[in-house]
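Below, each chain spelled out in residue letters.
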Amino acid sequence: MIGCGCEVCTSTDRKDKRFRSSVLVESANTVLVVDAGPDFRCQMLKHKVKHLDAVLLTHSHKDHIAGMDDLKAFTYFTRKPMKIYADAPTEAAVRREFYYAFSDTRYPGTPEYEMNGIPANSFLIGDIPVTPIPVWHMRMPVMAFRFGKFTYITDANRIDDQEKEKIKGSDVLVLNALRKEKHVSHFSLAEAIEQSRELQIPATYLTHISHQLGRHEEVESELPQGIHLAYDGLVLEFS
Ligand SMILES: [Zn+2]
Ligand SMILES: [Zn+2]
């Protein structure tokens, strides 16, 4: 956190250096990213991502969409618009925030977006199966996504019972846990662990972690079996 001198913010452990939450999902022939926050450019450069087929957006908060201008680097090379998947309120925010990408008088180098809604049921992006799972961020609807055996949920503090059915059977769940203290719109550490238990997920990785949660090494050592802290650069492979 800017200006903070706490033990997390001053830690030299690379696992305590956290960019904004995002995930890249890659199959044999398709690469997609969930969210493109303010750190998107640095994340793409750091991990040397050369190709991207689509971006799925969870919701319109700036820490999840602010980096979308930098998608122009991908569209510059492919000369094709980037496929964006967003629900109606998120699409409205993208059109507002990046108005110049939707104007009639686009200057060279403007990012090009192909806006797609999010279907109610499972769909394919390339060869990656995507199941949208609406969850709640206090009163704001947020999209979570399941890709085969992997489910990614960020910025949630409540999941409706019928949506839980779509998550069950996942081998791996990435779930947000902001800090130990309760928060109005994010799961706390205890709430995230409880959700994982209820959904009977074998391996859960916690994301969207605030500096208030504590140092990675310390918190990780206190977690129950099957629960881990995610960290920047974590790679999970599925067969
Ligand atoms: Zn701090
Ligand atoms: Zn967020």
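Residues numbered from 1 in each chain as written. Chains lettered and ligands numbered in written order. Predicted model: local features only at pLDDT ≥ 70, side-chain atom pairs only at ≥ 80, totals over all residues. Heavy atoms only, no water.

Q: What is the right way to read the overall build of the protein chain from this model?
A: The helix and strand inventory of the protein chain stands at seven helices and 12 strands. For a compact globule of 239 residues, the expected C-alpha radius of gyration is about 18 Å, and the protein chain comes in at 18 Å, within 12% of that figure. For the C-alpha atoms alone, the extent of the protein chain along its principal axes is close to 55 × 40 × 35 Å. Out of the 239 residues in the protein chain, the part that is buried amounts to 48%. Long-range contacts, defined as pairs at least 24 residues apart, comprise 58% of the intrachain contacts of the protein chain with a sequence gap of at least 6. With an accessible surface of roughly 12,400 Å², the protein chain has 51% of that area assigned to carbon and sulfur atoms. Separation between the mean location of the 29 positive side-chain charges and that of the 33 negative ones in the protein chain comes to 3 Å. (Helix = DSSP H or I, 4+ residues; strand = E, 2+ residues; numbered from the N terminus. Rg over C-alpha atoms; globule rule 2.2 N^0.38 Å. Buried < 20%, exposed > 50% of the residue type's maximum accessible area, 1.4 Å probe, protein only. Contact = heavy atoms within 4.5 Å. Areas by Shrake-Rupley, 256 points an atom, 1.4 Å probe, with all protein chains shown as cover. Lys, Arg positive; Asp, Glu negative; His and termini not counted. Charge placed at Lys NZ, Arg CZ, Asp CG, Glu CD.)

Q: Explain the environment of Q43 here, please?
A: As for its position among the elements, Q43 is in helix α1 (residues 40–46). Taking the C-alpha atoms as reference points, Q43 and L124, separated by 81 residues in sequence, lie 25 Å from one another. If we ignore the near neighbours within four places in the chain, the residues touching Q43 are F19, R20 and S22. Here the side chain of Q43 touches R20 through a polar contact of 2.8 Å, landing on its backbone oxygen. (Polar contact = N/O pair within 3.5 Å; in protein donor to acceptor, adjacent residues only side chain to side chain.)

Q: What's the story with the pairing of strand β9 (residues 150–153) in this structure? I'm lost.
A: Consecutive residues of a regular strand have side chains that alternate between opposite faces of the sheet. Side chains F150 and Y152 project from β9 onto one buried face, and the interleaved T151 and I153 project onto a second face that is buried too. Strand direction decides the pairing type here: strand β8 (residues 140–147) and β9, joined by three bridges, are antiparallel. Of the residues in β9, the one forming a bridge with F147 is F150. The antiparallel pairing of β8 with β9 creates a hairpin that spans two residues between the two strands, and G148 there sits at a positive phi of about 60°. The sheet contact formed by β9 and strand β10 (residues 172–176) spans four bridges and is parallel. Of the residues in β10, the one forming a bridge with Y152 is V174. For the crossover that starts at β9, traverses helix α5 (residues 161–167) and ends in the parallel β10, the hand is right-handed. (Pairing = 2+ DSSP bridges. Right-handed = clockwise from strand over helix to strand, strands pointing away.)

Q: Help me understand the coordination of the zinc ion (ligand 2), please; the structure alone is not making it clear to me.
A: Octahedral metal centres with six donors ideally show angles of 90 or 180 degrees, and tetrahedral centres with four donors ideally show 109.5 degrees. For the zinc ion (ligand 2), the full set of protein donor atoms is D63 (OD), H64 (NE2), D155 (OD) and H208 (NE2), and the range of their distances to it is 2.1 to 2.3 Å. Seen from the zinc ion (ligand 2), its four donor atoms lie at angles of 93 to 157°, and the figure they make is irregular. The motif formed by the donor residues of the zinc ion (ligand 2), counted along the single chain, is D-H-x90-D-x52-H. Highlighted residues: H64 in helix α2 (residues 62–65) and H208 in the loop between β11 (203–207) and α7 (216–222), separated in sequence by 144 residues. For H208, a relative accessible area of 15% corresponds to the buried category. (Donors = N, O, S within 2.8 Å, 3.2 Å for Na, K, Ca; no water. Tetrahedral: all angles 85-135°; square planar, octahedral: opposite > 155°, others 65-115°.)

Q: In this structure, what is going on with the nonpolar core? I would like to understand it.
A: One broad rule of soluble globular proteins: the nonpolar side chains tend to lie buried together. V135, I153, I167 and L206 are the most contacted members of the largest nonpolar core, which has 24 residues in total. Elements with a contribution of two residues or more to this core: β7 (128–137), β8, β10, α6 (189–199) and β12 (227–229). No other element matches α6, which puts four residues into this core. With residues up to four places along the chain from it excluded, the contact list for V135 reads M140, P141, V142, A144, I153, A156, R158 and I159. Counting 23 residues, the second largest nonpolar core, distinct from the first, contains I65, M82, V94 and Y100. (Core = buried A, V, L, I, M, F, W, Y, C linked by side-chain atoms within 4.5 Å.)

Q: In this structure, what is going on with the coordination of the zinc ion (ligand 1)? I would like to understand it.
A: Here the zinc ion (ligand 1) is held by C4 (SG), C6 (SG), C9 (SG) and H211 (ND1), and the distances to it run 1.9 to 2.4 Å. For the zinc ion (ligand 1), the four donor atoms in the first shell make angles of 102 to 113° at the metal, so the coordination geometry reads as tetrahedral. Read N to C, the donor residues that coordinate the zinc ion (ligand 1) are spaced as C-x1-C-x2-C-x201-H. Highlighted residues: C4 in the segment before β1 (23–26) and H211 in the loop between β11 and α7, separated in sequence by 207 residues. For C4, a relative accessible area of 25% gives the class partly exposed.

Q: I keep staring at the packing of aromatic side chains and nothing clicks. Help me out?
A: Where two aromatic rings form a pair, the distance of their centres and the angle of their planes describe that pair. The final tally for this structure, using the stated rule, is 11 aromatic pairs. Measuring from centroid to centroid gives 5.3 Å for Y99 and Y100, while their planes differ by 85°, and the two rings are edge-to-face. Through successive ring pairs, a cluster of aromatic residues spans F98, Y99, Y100, F102, Y107 and Y113. The ring of Y231 has K15 lying over it, and the distance from NZ or CZ to the ring centre is 4.4 Å. (Phe/Tyr/Trp six-rings, centres within 6.5 Å; stacked < 30°, edge-to-face > 60°. Lys NZ or Arg CZ within 6 Å of the ring centre and 35° of its normal.)

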